[in-house]
Amino acid sequence: RRLHDDSVVHLRDPRGMRSGVPGRIALQPCAYGAAQRRDRSRYGDRNMAGIEVGNAIGADKKVTAPSATLAATDTFYASVATTGNAPSVTLTARWTHVDSEQMIKEDTLTRPTNSEFHLSKPDGWPPGRYKLEILANGALAGVKEFSVQ
């Protein structure tokens, strides 16, 4: 059985046996689910430390005011932080308008730590739901959803 956070749970009776014997059943988290979640954010010797979306970015390549709601006239900024010992990681940003299921843009950068991606549209963005997928060295590392009003 799967939970909302992709962890795997085994059903066990109170004696710790997996069986169809009637009785009380206790849910016990499986270590595999936690290990799988940790591994999804690890790429070589670099770890995903965070993804933020907002309408302004600082000199340090970090979003200055993260927000889940942006204005139609905003430039979308995303900052992706990584940590670790590897000299760099190749990050790909996929911007998608969820309501129309259209990928807007895909960018790829190779950076050692903080990376910045941005997207602008002078005539304004259509209202609705958007998402940003970040791939690290070709594997999905994280998703950030936001909306435009």
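Residues numbered from 1 in each chain as written. Predicted model: local features only at pLDDT ≥ 70, side-chain atom pairs only at ≥ 80, totals over all residues. Heavy atoms only, no water.

**A closer look at the packing of aromatic side chains**
Rules: Each pair of aromatic rings taken from Phe, Tyr and Trp, with Trp reduced to its six-membered ring, is defined by centres within 6.5 Å and is described as stacked if the planes are under 30 degrees apart, edge-to-face if over 60, and tilted in the remaining cases. The buried label applies to any residue whose accessible area, calculated with a 1.4 Å probe on protein chains only, is under 20% of its type's maximum; exposed applies above 50%, and partly exposed to all values in between.
One pass over the full model with this rule turns up seven aromatic pairs. Aromatic pair Trp 125 and Tyr 130: ring centres 6.2 Å apart, planes at 80°, arrangement edge-to-face. According to the relative accessible area criterion, Trp 125 is buried, its value standing at 7%. A relative accessible area of 2% means that Tyr 130 is categorised as buried. Put simply, the rings of Phe 76, Trp 95, Trp 125, Tyr 130 and Phe 146 touch in pairs and so form one group of aromatic residues.

**A look at unusual backbone geometry**
Our working rule: Helix and strand definitions here come from DSSP, where helices need a minimum of 4 consecutive H or I residues and strands a minimum of 2 consecutive E residues; each element is numbered from the N-terminal end.
The backbone phi angle of Glu 101 is positive, close to 60°, even though this residue is not glycine. Its place among the elements puts Glu 101 in the loop between β7 (89-97) and β8 (102-111). With a phi angle near 50°, Asn 137 is a residue other than glycine that sits in the positive phi range. Here Asn 137 is to be found in the loop between β10 (128-136) and β11 (139-148).

**Re the sheet that holds β10**
Worth spelling out the cut-off: The criterion for strand pairing is that DSSP finds at least two bridges linking the strands in question.
Read across the open sheet, the five strands follow the order β5-β11-β10-β7-β8; overall the sheet is mixed. For this open sheet the edge positions go to β5 (69-70) and β8, each flanked by a neighbour on one side alone. Direction of pairing for β5 relative to β11: parallel, over a ladder of two bridges. Among the inter-strand pairings, Leu 70 is bridged to a residue of β11, identified as Val 148.

**Observations regarding the nonpolar core**
Heads up, the rule is: Residues grouped as a nonpolar core are buried Ala, Val, Leu, Ile, Met, Phe, Trp, Tyr and Cys residues, joined through side-chain atoms within 4.5 Å. Two residues form a contact once any of their heavy atoms are found within 4.5 Å.
Judged by nonpolar contacts, the single largest core of 22 residues is most densely connected at Phe 76, Leu 91, Trp 95, Phe 117, Leu 132 and Ile 134. For this core, the secondary structure elements donating two or more residues are β4 (46-54), β6 (76-84), β7, β9 (115-119), β10 and β11. When sequence neighbours within four positions are dropped, the list of residues in contact with Leu 91 reads Met 48, Val 80, Asp 107, Thr 108, Leu 109, Ser 115, Phe 117, Ile 134, Leu 135 and Ala 136.

Scope: geometric values only; no functional claims are made or implied.
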